[in-house]
Amino acid sequence: LKGGEYVAIESMEATYAASVFVNGKNGGLMCYADGDMDKPIALVQVNDYELKKWANANNVTFDTVENLCKNEAAVKMVCADLNNVGKGTLGGNEALAAIALLPGTGNPDVALWDSPWTPENGCLTAANKLARNIVKVELEALIAEVKPKAIR
């Protein structure tokens, strides 16, 4: 991060994965930070069941889970939930500034914004570990969209 601060990306991912809104079967989440940023961000494979349940309980209208993933209120709520999960475990500089929600409804054989992360599309290793460099390259445009929210 800016100012030479370090964040423990893997520790953050392990902690934030405990949120009910993170879909571990679709690859979980990827935290991201670099020297231009004040706070980290995350790309989150969302648990669509929990997200729809929240939307219905809070009168948030949506036609598809893909559109719900782009709903500002839904994004803010999941980001707040993740930061709440991390409170007391992670350092203050490891709180997420912003996130993108990924529906995981797309083709599992191709790495697109709506695809689950799988070994077949290269986003997970054969041992189902996050292939961070592949996700970074494949979802570069999405990271570029979210990153400015993490720069003061």
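Data block above holds the structure.
These notes cover the structure that comes with them. Chains are numbered independently. Their residues run from 1 in the order of the written sequence. At least 70 in pLDDT is required for a residue's local features to be given in this predicted model, at least 80 for side-chain atom pairs to be given and counted, and no such filter applies to totals for whole chains, interfaces and linings, which use all residues. Calculated side-chain values reflect all of the structure's heavy atoms, with hydrogen atoms and water omitted.

One finds L43, L51, L96, I99, L101 and W117 to be the most contacted residues of the largest nonpolar core, which totals 46 residues. When residues of this core are traced back to their parent elements, those giving at least two are α1 (9-16), β1 (29-32), β2 (41-45), α2 (48-57), α3 (65-69), α4 (72-86), β3 (98-102) and α6 (140-146). Put simply, DSSP H or I for four residues or longer makes a helix, DSSP E for two residues or longer makes a strand, and each gets a number counted from the N terminus. Per element, the largest residue contribution to this core is six residues, and it comes from α4. In this description, contact between two residues means that some pair of their heavy atoms is separated by no more than 4.5 Å. With sequence-adjacent residues up to four places away left out, L101 is seen in contact with V44, V46, L51, C69, A74, V75, V78 and W113. Take the buried Ala, Val, Leu, Ile, Met, Phe, Trp, Tyr and Cys residues and link them wherever side-chain atoms come within 4.5 Å; each set so joined is a nonpolar core. Note on exposure labels: buried denotes an accessible area under 20% of the residue type's maximum, exposed denotes more than 50%, and partly exposed covers the range between, all computed with a 1.4 Å probe on protein chains only.

Moving on, we get to the side chain of N121. Structurally, the position occupied by N121 is in the loop between β3 and α5 (132-138). What makes N121 buried here is its relative accessible area of 9%. N or O atoms closer than or at 3.5 Å make up a polar contact, with two conditions inside protein: a donor-capable atom paired with an acceptor-capable one, and, for residues adjacent in sequence, both atoms drawn from side chains. A distance of 3.1 Å separates a polar side-chain atom of N121 from the backbone oxygen of P108. At a separation of 2.8 Å, a polar atom in the side chain of N121 contacts the main-chain carbonyl oxygen of P116. The residues touching N121, leaving out its near neighbours within four places in the chain, are N107, P108, D109, V110, A111, S115, P116 and I134.

Taken residue by residue, α1 has M12, E13, T15 and Y16 as its buried positions. In a view along the axis of α1, the buried residues occupy a sector of 165°, so they form one face of it. Exposed positions of α1 whose direction lies more than 90 degrees from the buried face are E10 and A14. The secondary structure elements touched by the buried residues of α1 are β1, α4 and α5. Here the arc refers to the directions that run from the helix axis out to each C-beta atom.

What makes a salt bridge here is a side-chain nitrogen of Lys or Arg within 4 Å of a carboxyl oxygen of Asp or Glu, nothing more. Taken as a whole, this structure holds eight salt bridges when the rule is applied. With a closest N to O distance of 3.2 Å, K76 and E72 form a salt bridge. Taken together, the positions of K76 and E72, both in helix α4 and four residues apart, correspond to about one turn of that helix. Neither residue differs from the other here; K76 and E72 are each classed as exposed.

Here we come to the side chain of K147. With respect to the element layout, K147 can be found in the segment after α6. Among the polar contacts made by the side chain of K147, one reaches the side chain of D34 at a distance of 2.6 Å. Non-local contacts of K147, meaning those with residues more than four positions away in its chain, are made with Y32, D34, D36, M37 and I41.

Quick look at the environment of N93 now. With respect to the helices and strands, N93 occurs in the loop between α4 and β3. N93 sits 85 residues away from A8 along the chain, and the two C-alpha atoms are 9.9 Å apart. If near-sequence neighbours (up to four positions away) are discounted, N93 is found in contact with L1, E5, Y6, V7, K39 and P40.

Counting buried positions over the five residues of β2 gives five, a clear majority of the element. Of the two faces of β2, the one holding I41, L43 and Q45 and the one holding A42 and V44 are both buried throughout. Summarising the sheet, β1 and β2 pair through four bridges and their orientation is antiparallel. When the sheet's bridge partners are listed, M30 is paired in β2 with L43. DSSP calls a pair of strands paired once it identifies at least 2 bridges connecting them.

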